[in-house]
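What follows is the residue order along each chain.
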Amino acid sequence: MAALSAWRVARVTPLGELNAPPRMTGVALRLLVQVVLVASLWHGLYSHTGTTAGLGESQAVTYAVLAVLASRLRELDQFAGRDTVIQHMHFGTIVYWYLRPLPPQRYYALRALGEQVYGFAWALGGYLICLAAGVVEPPGSAAVTGVFLLSLLLGQWVLHYIMLATDQWCFWALRNNSAILIIIFAQNLLSGVYAPLWFFPDWFVTMSSFLPFQATLNVPLSIYIGRIPLSDAAGQLAVQAGWVVVLALFTRFLWRRAALRVVSQGG
Amino acid sequence: MNALRITWRVTRLNFRAQLEYRAEFLLNVAIGAIWQVSVIVFATVLLARFTGMGGWDSSEVLLIPATRMLAHGLFVLLLGRVHFIGRQIQEGRIDIYLMRPMPVHRQVQLSYFPTNALGDLTVAAGLMVGALSRSELDWSAGRISYLVAAVVGGMLLEAALFTALACASLRFPAADYWSRWLEELLGTFGSYPLNVLPRAVGGFLTYALPLAFVAYLPAAVLTGHGHDTGVPYWLAASAPLVGVLAYLGSRLLWRWSLRHYTGVNG
Amino acid sequence: MSGSIEVHGLSRVFHTTVRRPGVAGALRSLVNPERVAKHAVSDITFDVAPGELLALLGPNGAGKSTTIKVLTGILTPTSGEVRVAGVVPYQERERNARNIGAVFGQRTQLWWDLPARESFAILRDIYEVPKAEHAARLKEFDELLDLSSFWDTRVRHLSLGQRVRSDLAAALLHDPQVVFLDEPTIGMDVVVKEQVREFLRHQVEQRGRTVLLTTHDMTEVERLAERVVLINHGRLVLDGSLDEIRRRFGSTWQVRATLADAHTDAVALPGIALLRRDGPQVVFGPDGPEAPTVNSALKAIIERYEVTGVAIDEADLEDVMRNAYAQAGAAA
């Protein structure tokens, strides 16, 4: 029974998307344009430069294209579904989350999981096309693939907690527009979506190593392109796992405080 | 005159409203700074790594993100709320605006005060000062006035793009989906010399999604690269004018779309 | 015990920040906010028997929503005791959740991007309702609310009436003993309103659900509620039948009767005063606090006299409530 409700809740996003074909066309078009633009930009940048910051041209292009694909994993039009925390706070419908025998935190986690799996299907499809078209390089070895997948899983897990914390912020601020914009930007910049972190000055890389963002994308992608050799991967995976634990505890704490807040303010 | 007075009063009220959400306001101010510094780091990082990008030296390239960010900051401060029209349509706010005796576009602009624009502008101005001080160009009165015109034109062009998107949202509320992407595209691809891109891609960013006119083309004209942009020189040089025309066109489109607005959710 | 609502001495105080006027004031509030206490409800006591429909009435801001939020487990009271179907809602929120269903006026709990039927399926699994039972209940609801004509449409495209009907169904699909409805028919057209009332009556009378309803629609109260609780300024003003409210706040009925024999001696009856007499035309009105309702008065008059015609002038419930709110407000 619990599994059934999990399945139902998890498929809300895919179902909503399938019910809106124009939105799916939009995602496909956007993905295509973005990949073409990013790939040509990096090819262009490298046209006068050899290897820089330990990254060759094909490595950089692969990194950048994979970053585009990966950033689509969770970037859906959640607003259209009116099921974000901020909208529930705005419309006063957050009360229903607390009126059901399913705890809000589990509901949220299941929704996120469904989105993740759905987004993964998109990313995987895009990846296979890019691989076939020769836009990205295949991973160096089977071992690299395995470690990359593990690291990607951990990275997405960290990302989930970051997004959760941003949403939880709404329980206090009632609005999180700016928080969301900032998080999106920080996430994109500090995880390497805009440019591989390797290009940044040392102080920047050091600073970002203390933040959870680089664990979401930079680590798995660097493993994929071989910028982080397998011999160093164990340490990086441990850092990712560490972030998962820390953020899990932190967001759990926030859920508890959020419930208290709803219960004392009445949603 | 009356319109100005109302605008000023509503803006003051909006500013006060921003103060109502304490945590949000303080966060806006505090983190806004970090954000902008990161933008600068990002812009300078690539310049340092890829010297001679597209045949430009790095002090010249720096002029592109500086122009683009200043234009963007002004856009957010003065016209940035068009960005949220899609959402306001979905929430039925437009229907309310339509019943009031004030142009809808102005009401949208007055819907809230953009606290973050203050941070944007401060840092953009800093970046511009940095770019100008590193520049080896002779900053004559003519060049400076062209730069000012370019910034204004860039602001208007960005506003035009978002207004056009807002027009689409009036018809198809789902078009709102594209606005975040548009902002992202402007932010990333607006900061490079676009001649590093293949011709087709550069052409796309010039003629289909004209972000080249925001900063790249005027900067090319200023730095003497105006003849190798792949765009006729006269067109590149009239980038500020393109912004003005685009904005006027988008406002006409907006007026037309509003007349044909049929409402959402029946 | 099952399905009852007990509220004893319920109080809830909110602390809010006062904003000072002007930009300078707003800046000062930013640094040094000034807090004040607001008593949303004070010492409210009432109960609802299983299978009863109670209307909770009061002007806007009287404390109705606060009361409902406490009963649904969303809000913790400052003091007092509350039990819903034997469960203290804010202590055992999830256990309470299984016993209750709720609709908050125009706020929908349905998933915006999905057809309403999908929302029903999600809720079925969340509440762990067996499939056969769910299907049977959905069929029953469909017959009463005509859901199948629109349940395959995405919620964002439903009209208000369709959406609220779907929301009602969604709130009742897990067979809750207790149902909270916060202005369920607000903004709906008369046909849909009647359909919803019929549905609610059916749920109370045939299914034995306990319903706590808040509304500003007095026709609804007249059609549905045997008992009402009136609160104002957070305090309980009256707990009784509609007739009692009429007696206390709206004693303004008049019965005009035409006597068959113009020479009959007309006299006052217990609680009924003779107001005017003009040949065969007599006008009766209520007399004193023990005055009967207009219906009982009419019955008494017809039993006592032979009449050829009667007409009733009655203050409608809207007038009565206006009076009640004004008086209760003055008293509080």
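One can find the structure itself at the top, above this paragraph.
Residues numbered from 1 in each chain as written. Chains lettered and ligands numbered in written order. Predicted model: local features only at pLDDT ≥ 70, side-chain atom pairs only at ≥ 80, totals over all residues.

A.B. asks: Describe the overall build of chain C, and please don't skip the residues or the numbers.
C.D. replies: Of the regular secondary structure elements, chain C holds eleven helices and 13 strands. The dimensions of chain C, computed from C-alpha atoms along their principal axes, are 75 × 60 × 40 Å. Sequence-distant contacts in chain C: of pairs separated by 6 or more residues, those separated by 24 or more amount to 70%. (Helix = DSSP H or I, 4+ residues; strand = E, 2+ residues; numbered from the N terminus. Contact = placed C-beta atoms within 7 Å.)

A.B. asks: With reference to specific residues and values, describe the pairing of strand β7 (residues 210-214) of chain C.
C.D. replies: Residue and element names in this part refer to chain C. In terms of burial, β7 is a largely internal element, five of the five residues being buried. Here β7 shows a buried face lined by Thr210, Leu212 and Thr214 and a second buried face lined by Val211 and Leu213. When strand β3 (residues 53-57) meets β7, the two strands line up parallel, connected through four bridges. Bridged to Ala55 within β7 is Leu213. Relative to β7, strand β6 (residues 178-182) is paired through five bridges, and the arrangement is parallel. Its bridge partner lying in β7, Asp182 is registered against Thr214. For the crossover that starts at β6, traverses helix α7 (residues 190-205) and ends in the parallel β7, the hand is right-handed. (Buried ≥ 20, exposed ≤ 12 C-beta atoms within 10 Å, placed from the backbone. Pairing = 2+ DSSP bridges. Right-handed = clockwise from strand over helix to strand, strands pointing away.)

A.B. asks: So what about helix α9 (residues 242-249) of chain C? Which residues, and what values?
C.D. replies: Of all the residues in α9(C), the buried ones are C:Leu242, C:Ile245, C:Arg246 and C:Phe249. Down the axis of α9(C), the buried side of the element spans an arc of 100 degrees, and every buried residue falls inside it. (Arc of directions from axis to C-beta.)

A.B. asks: Residues and numbers for the packing of helix α4 (residues 57-71) of chain A against helix α12 (residues 218-225) of chain A, please.
C.D. replies: Residue and element names in this part refer to chain A. Orientation of α4 relative to α12, taken along the N-to-C sense of each, is 140 degrees, at an axis distance of 10 Å. When the axes of α4 and α12 are compared, the pair comes out oblique. Relative to α12, the crossing made by α4 is right-handed. Of the residues in α12, those in contact with Gln59, Thr62, Tyr63, Leu66 and Ala67 of α4 are Leu221, Tyr224 and Ile225. (Axes fitted to C-alpha atoms, helices over the stretch in contact; angles between N-to-C directions. Parallel < 35°, antiparallel > 145°, perpendicular 65-115°, else oblique. Left-handed = near helix turned anticlockwise from the far one by under 90°.)

A.B. asks: Give me the sheet that holds β6(C): which residues, what numbers.
C.D. replies: Residues and elements named next belong to chain C. Pairing within the open sheet is mixed, and its six strands lie in the order β5-β6-β7-β3-β8-β9. Only two strands of the sheet have a single neighbouring strand rather than two, namely β5 (100-104) and β9 (235-241). Mean inter-strand twist for the sheet, computed between neighbouring axes without regard to direction, equals 15 degrees. Packing against the sheet, helix α6 (residues 160-172) makes contact with β5 and β6, and its axis sits at approximately 160 degrees to β5. Its contacts with the sheet place α9 against β8 (227-232) and β9, and it is angled at close to 115 degrees to β9.

A.B. asks: Before we move on, can you summarise the environment of C:Leu71 with the specific residues and values?
C.D. replies: Residues and elements named next belong to chain C. By the secondary structure assignment, Leu71 is in helix α2 (residues 64-72). With 27 C-beta atoms counted inside 10 Å, the residue Leu71 sits in the buried group. Sequence separation between Leu71 and Val88 is 17 residues; the distance between their C-alpha atoms is 8.4 Å. Each residue touching Leu71, except ones within four places of it in the same chain, is listed here: Ile5, Val82, Val84, Pro89, Phe180 and Leu212.

A.B. asks: Could you give an account of unusual backbone geometry, with specific residues and numbers?
C.D. replies: Residue and element names in this part refer to chain C. Although it is not a glycine, Glu183 adopts a positive phi angle of roughly 50 degrees. On the secondary structure map, Glu183 appears in the loop between β6 and α7. Glu183 gets classed as partly exposed once you count the C-beta atoms within 10 Å, which come to 19. For His233, which is not glycine, the phi dihedral falls at a positive 50 degrees. Of note, His233 is situated in the loop between β8 and β9.

A.B. asks: Explain the interface of chain A and chain C to me, and be specific about the residues and the numbers.
C.D. replies: When the parts of a complex come together, some accessible area is lost, and that lost area is often taken as the interface size. On the chain C side, the residues contacting the 29 residues of chain A number 28 residues. Counting residues per element, the ones that place at least two in the side of chain A that touches chain C are α1 (2-10), α2 (12-18), α6 (94-97) and α13 (230-265) of chain A. At four residues, α1(A) tops the list of elements feeding residues into the side of chain A that touches chain C. The residue makeup of the side of chain A that touches chain C, split by class, is 16 nonpolar, nine polar and four charged. (Nonpolar A, V, L, I, M, F, W, Y, C, P; charged D, E, K, R; others polar.)

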